[in-house]
Amino acid sequence: MKLILLGAPASGKGTVAKKLAAEFKLEPISAGELLRQEVNSNTTIGKKIKKTIESGDLVPDHLVIEIVRLFITGKDNFILDGFPRTLHQAKDIQNLNINKAIYLKISEQDAVKRISQRRICEQGIHTYHLTVIPPKQPGICDVDGSKLIQRKDDLPKTVRERFRVYIEKTKPLIQFYRQEGILITIGASLTPEEVYQQVKTKIDEIS
Ligand code: AP5
Ligand code: MG
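Counting starts from 1 at the beginning of each chain's written sequence and moves along it residue by residue. Lettering for chains starts from A, numbering for ligands starts from 1, and both go in the order in which the items are written. Thresholds applied to this predicted model are a pLDDT of at least 70 for local features of residues and 80 or more for the giving and counting of side-chain atom pairs; totals over whole chains, interfaces and linings are not thresholded and use all residues. In computing side-chain values, all of the structure's heavy atoms are included and hydrogens and water are not.

Can you explain the environment of Arg-151? Please cite residues and give values.
Only DSSP runs of H or I reaching four residues or more are called helices, and only runs of E reaching two or more are called strands; each is numbered from the N terminus. Mapped onto the secondary structure, Arg-151 falls in the loop between β7 (148-149) and α7 (156-170). Along the backbone, Arg-151 and Leu-26 are 125 residues apart, and their C-alpha atoms lie at a distance of 26 Å. Residues count as neighbours in contact if any of their non-hydrogen atoms are within 4.5 Å of one another. Apart from the residues lying within four places of it in its own chain, the contact partners of Arg-151 are Arg-36, Arg-118, Ile-120 and Arg-162.

This is the structure we're talking about:
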């Protein structure tokens with residue numbers, strides 16, 4: 001099964017992707033995480049894209065496509081979180097026979113509230129919310145024991161820019177996948193468990 005998760009910043013894509021991946025044995029592939037790993041490892045690509053990510057803009061299509069393709073080529077079971085994010089990216093993977101594009105719908109106000117409470121581990125892999133999904137020990141990752149930090153692009157000014165970019169470049173994909181006949185829309189302002197159950201019910205129907 002090949003799935004895509006679409007949605008505004010902090011709509012819950014990463015949170016849903018990890019649960020779906022575990023339950024339906026799919027490989028979770030987060031474009032944002034892959035790009036942040038490039039930055040953290042200071043690779044050639046990482047050096048080129050650091051400022052772009054920190055400004056809230058999108059990384060150029062050809063670079064993201066090159067990285068994501070390495071992880072999906074030849075695979076039949078994956079869930080893409082945060083890719084595609086432009087029509088160009090969507091058209092690039094149009095021949096892959098994606099089963100469903102799951103759109104997590106949330107208001108900007110609710111998402112901004114979530115972002116201010118988000119903390120991630122130093123590796124940038126495990127995500128918490130200070131009140132809704134708190135770590136067992138304050139400030140420490142449950143899984144790898146590293147310190148919890150705020151993402152650099154979670155500062156209020158950058159969050160506003162991420163939303164602007166989302167509306168301009170990514171929101172058109174909702175209509176694109178509706179026309180392709182594979183769009184599922186989920187109300188994402190509920191609790192993590194309620195959101196996940198809605199998604200699971202839809203995916204159970206096709207698996
Ligand atoms: P990316 O990392 O993908 O950021 P994003 O799309 O802005 O989404 P987030 O990761 O902020 O949120 P999320 O939807 O995953 O929510 P989460 O589950 O964490 O991309 C970052 C940057 O990389 C981009 O700005 C761009 O520069 C670049 N990039 C990435 N992909 C690209 C592409 N394809 N092309 C070009 N550039 C690209 O949840 C948010 C918070 O809420 C967490 O604290 C979580 O614990 C909590 N939470 C989750 N669900 C709930 C719930 N139901 N109720 C309450 N709290 C919840
Ligand atoms: Mg994410």
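Next comes the rest of the account.
Could you give an account of helix α2 (residues 31-40), naming the residues involved and the relevant values?
Residue pairs spaced three or four apart in an α-helix point in one direction, given the helix's 3.6 residues per turn. A 1.4 Å probe rolled over the protein chains alone gives each residue an accessible area, and that area as a share of the maximum for its type sets the label: buried under 20%, exposed over 50%, partly exposed in between. The element α2 is extensively covered by neighbouring structure, given that seven of its 10 residues are classed as buried. Among the residues of α2, those classed as buried are Ala-31, Gly-32, Glu-33, Leu-34, Leu-35, Arg-36 and Val-39. If you follow the buried residues of α2, they end up packed against α1 (13-24), β2 (27-30), α3 (44-55), α4 (61-72) and β3 (78-81). Just downstream of α2 lies Asn-42, where phi reads positive at about 55°.

If you had to explain the packing of aromatic side chains to someone new, which residues and values would you point to?
Centres within 6.5 Å make a pair out of two Phe, Tyr or Trp rings, where for Trp the six-membered ring is used; the pair is then stacked when the planes are under 30 degrees apart, edge-to-face when over 60, and tilted otherwise. Counted by the stated rule, this structure contains one aromatic pair. Here the aromatic rings of Phe-176 and Tyr-177 are separated by 5.0 Å at their centres, their planes lie at 90°, and the arrangement is edge-to-face.

Let's hear about the site of ligand 1: which residues, and what values?
Taken together, 35 residues lie around ligand 1, and Thr-15, Asp-57, Arg-85, Arg-118 and Arg-162 are the ones closest in. Any pair of nitrogen or oxygen atoms within 3.5 Å is treated as a polar contact; in protein, a donor-acceptor pairing is required on top of that, and neighbouring residues in sequence qualify only through side-chain atoms on both sides. One nitrogen or oxygen atom from the main chain of Ser-11 is found 3.3 Å from an oxygen atom belonging to ligand 1. Taking Lys-13, its main chain carries an N or O atom lying 2.8 Å from an oxygen atom of ligand 1. Accessible surface area values rest on a Shrake-Rupley calculation with a 1.4 Å probe, where residue burial reflects the displayed protein chains alone. Considered on its own, ligand 1 offers 1000 Å² of accessible surface; in the complex 96% of this is hidden by protein. Residue assignment for the shell around ligand 1 shows that the elements contributing at least two residues are α1, α2, β6 (127-129) and α9 (192-206). It suffices for a single heavy atom of a residue to lie within 4 Å of a molecule or strand for the residue to be listed as near it.

Describe in detail unusual backbone geometry, supporting the description with residues and values.
It is generally the case that most residues other than glycine have a negative phi and that most peptide bonds are trans. Of note, the bond from Phe-83 into Pro-84 is cis; its omega dihedral lies within 30 degrees of zero at 0°. Position of Pro-84 among the secondary structure elements: in the loop between β3 and α5 (87-92). A positive phi angle, close to 65°, is found at Ala-10, a residue other than glycine. Here Ala-10 shows up in the loop between β1 (2-7) and α1. Residue classification places Ala-10 among the buried positions, given a relative accessible area of 12%. Phi at Lys-25 is positive, roughly 55°, even though this residue is not glycine. With respect to the secondary-structure elements, Lys-25 resides in the loop between α1 and β2. You can call Lys-25 exposed: its relative accessible area is 68%.

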